[in-house]
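Below, each chain spelled out in residue letters.
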Amino acid sequence: MYDVVVVGARCAGAPTAMLLARAGLRVLLLERGSLAADKLSTLYIQQPGVALLRRWGVLDAVRRSGAPPLERVVYQLDDVRLEGCASPIDGSRAAYAPRRFVLDRILADAAVAAGAELREGCRATGLLREGDRVTGVEYRDANDPGGEPVRVRARLVVGADGMRSQVADLVGAPKLIEHPKLTCAYYAIWSRFPADFELFEGPTGWVSAVPTNDAVLVSAYYPMERFEEVRHDAQRYYLDNVRTNAPGLLERMSGATQLEPIQGTGDQQNFFRRAHGPGWALVGDAGHHKDSLTARGIGDAFLQAELLAERVVPALADPGALDAALASFEQERDRLLTESYQGTLLVAQAAARLQRKGLLAAIGHSPELTQLYFDAVAGMRSPTELYTPQLQALLAAAR
């Protein structure tokens, strides 16, 4: 009998398991694949996420991995350019962008060091129930392909298994808020060249660059309505996007080599799911997902792991108290993440491009507004705090 089974051992599930195990709970952590496999990801961890890594005692491992500290951000929309960085947290302003097979292993190792049991190659296939309460998990072990399904009981099952969550499907978790997909994204790893964390927006799409472990991730985004066109010749469209929307970046890339095949997706869903029920909870992308253009997914996953662990630990022994704690988790998740969700929807809408350009041009007139902007992008301030009397006056003067 486990206290908690966590399904999914990546950047939401591993810290959830770690925090619960550190509190003395017996935790089983299941991962359907191998943590050595890479994941489609923007990689970027904003400053609040880095602060959590530091608090959890795993930031030094990220630093030792060779992921460089990122202390300069560039956002350019046509001829409007902002440069800066989010304010320091606990004296440090660096962000990081480790490869996912690096980060996920660091987090899973921390969970195991805390006492969690990790089983890779184990796919959840069903849930155990008593009445309407989830009481455990059934899974199959890829290391024993002819074996019988394994059934384990637990007081709580946590689905941390991504946007297409099997746990969410098994419990029938509805999407409470949902918006159409806005962009399709294509990613490739390049050999190291001079770059900061940079986002360019041009007439046909968006391009980002982020230095990672001994390499640079360059991503290209098109509006979703072009997905069927782009997907059939992704490499050409990827390079055309960089050439059109970030020509200066392409010039810097000219001496670099593409190290891995391009990867892409046209399935960037935007939603909040019901995140709890009797004996179950969802964290990370399983419960809430938004377009990756604003690079908030990893930090959001860390935040949710901490929110859930804080509420579960004192309530686990009493089913009624646990249900109330899980409801509180969902309520707080929605309170903290709704504004960034709405902001991401705005950023990822090509139709709002002129509105964004006017806003950025006004912000660029003031160092104070520029700092507020980068703090809001990192999730350290509410976007509403940007709209100071100074910004409103600048916007009015530009009209």
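In this text, all values refer to a predicted model and were calculated from it rather than measured experimentally.

Q: In this structure, what is going on with the overall build of the protein chain? I would like to understand it.
A: In terms of regular secondary structure, the protein chain is built from 13 helices and 18 strands. Whereas a compact globule of 399 residues would reach a radius of gyration of roughly 21 Å, the protein chain reaches 21 Å, a difference of no more than 12%. Here the protein chain holds 399 residues, and 56% of them are scored as buried. Residue pairs in contact within the protein chain that sit at least 24 positions apart in sequence constitute 71% of those at least 6 positions apart. Just so you have it, the protein chain exposes about 16300 Å², and 51% of that area is on carbon and sulfur atoms. Put simply, the protein chain has 44 plus and 48 minus side-chain charges, and the middle of one group is 0 Å from the middle of the other.

Q: Just checking my understanding: could you explain the environment of A309 for this structure?
A: Within the secondary structure, A309 is located in helix 9 (residues 297–312). Judged by its relative accessible area of 6%, A309 is buried. What A309 contacts, discounting residues up to four positions off in sequence, is L19 and L20.

Q: Could you clarify how one ought to interpret the sheet that holds strand 4 (residues 80–84) in this entry?
A: Within a sheet, adjacent strands bond to each other through the backbone by hydrogen bonds, running parallel or antiparallel. A sheet is described by the order of its strands in space; here seven strands give the open sequence 4-3-11-12-13-10-14, paired in mixed fashion. Bordering the open sheet on either side are strand 4 and strand 14 (263–265), each of which pairs with just one other strand. Across the sheet, the mean angle separating the axes of adjacent strands is 10° when strand polarity is ignored. Both strand 10 (residues 183–191) and strand 13 (residues 215–223) contribute to a ladder of nine bridges, which runs antiparallel. Bridge pairing in strand 13 links Y186 to A220. Contacts between helix 12 (residues 367–377) and the sheet are confined to strand 3 (73–77) and strand 4, with strand 4 contributing the most and set at about 75° to the helix.

Q: How should I be thinking about a positive patch on the surface in this particular structure?
A: There is a patch of like positive charges on the surface, built from R32, K39, R123 and R140. Judged by its relative accessible area of 38%, K39 is partly exposed.

Q: Help me out: how do you make sense of the packing of helix 11 (residues 353–363) against helix 12 in this one?
A: Pairs of packed helices are described in terms of their axes, by the angle between the two and the distance that separates them. Where helix 11 meets helix 12, the closest approach of the two axes is 8 Å, and the angle between their N-to-C directions is 130°. On the basis of the axis angle, helix 11 is oblique to helix 12. Of the residues in helix 12, those in contact with L360, A362 and I363 of helix 11 are L369, T370 and Y373. Tallied by class, the residues present in the contact of helix 11 with helix 12 amount to five nonpolar, one polar and no charged.

What counts and what doesn't
- Residues numbered from 1 in each chain as written.
- Predicted model: local features only at pLDDT ≥ 70, side-chain atom pairs only at ≥ 80, totals over all residues.
- Heavy atoms only, no water.
- Helix = DSSP H or I, 4+ residues; strand = E, 2+ residues; numbered from the N terminus.
- Rg over C-alpha atoms; globule rule 2.2 N^0.38 Å.
- Buried < 20%, exposed > 50% of the residue type's maximum accessible area, 1.4 Å probe, protein only.
- Contact = heavy atoms within 4.5 Å.
- Areas by Shrake-Rupley, 256 points an atom, 1.4 Å probe, with all protein chains shown as cover.
- Lys, Arg positive; Asp, Glu negative; His and termini not counted.
- Charge placed at Lys NZ, Arg CZ, Asp CG, Glu CD.
- Pairing = 2+ DSSP bridges.
- Axes fitted to C-alpha atoms, helices over the stretch in contact; angles between N-to-C directions.
- Patch = residues over 30% accessible without salt bridge, like charges linked within 9 Å, V, L, I, M, F, W, Y side chains within 5 Å.
- Salt bridge = Lys/Arg side-chain N within 4 Å of Asp/Glu carboxyl O.
- Parallel < 35°, antiparallel > 145°, perpendicular 65-115°, else oblique.
- Nonpolar A, V, L, I, M, F, W, Y, C, P; charged D, E, K, R; others polar.

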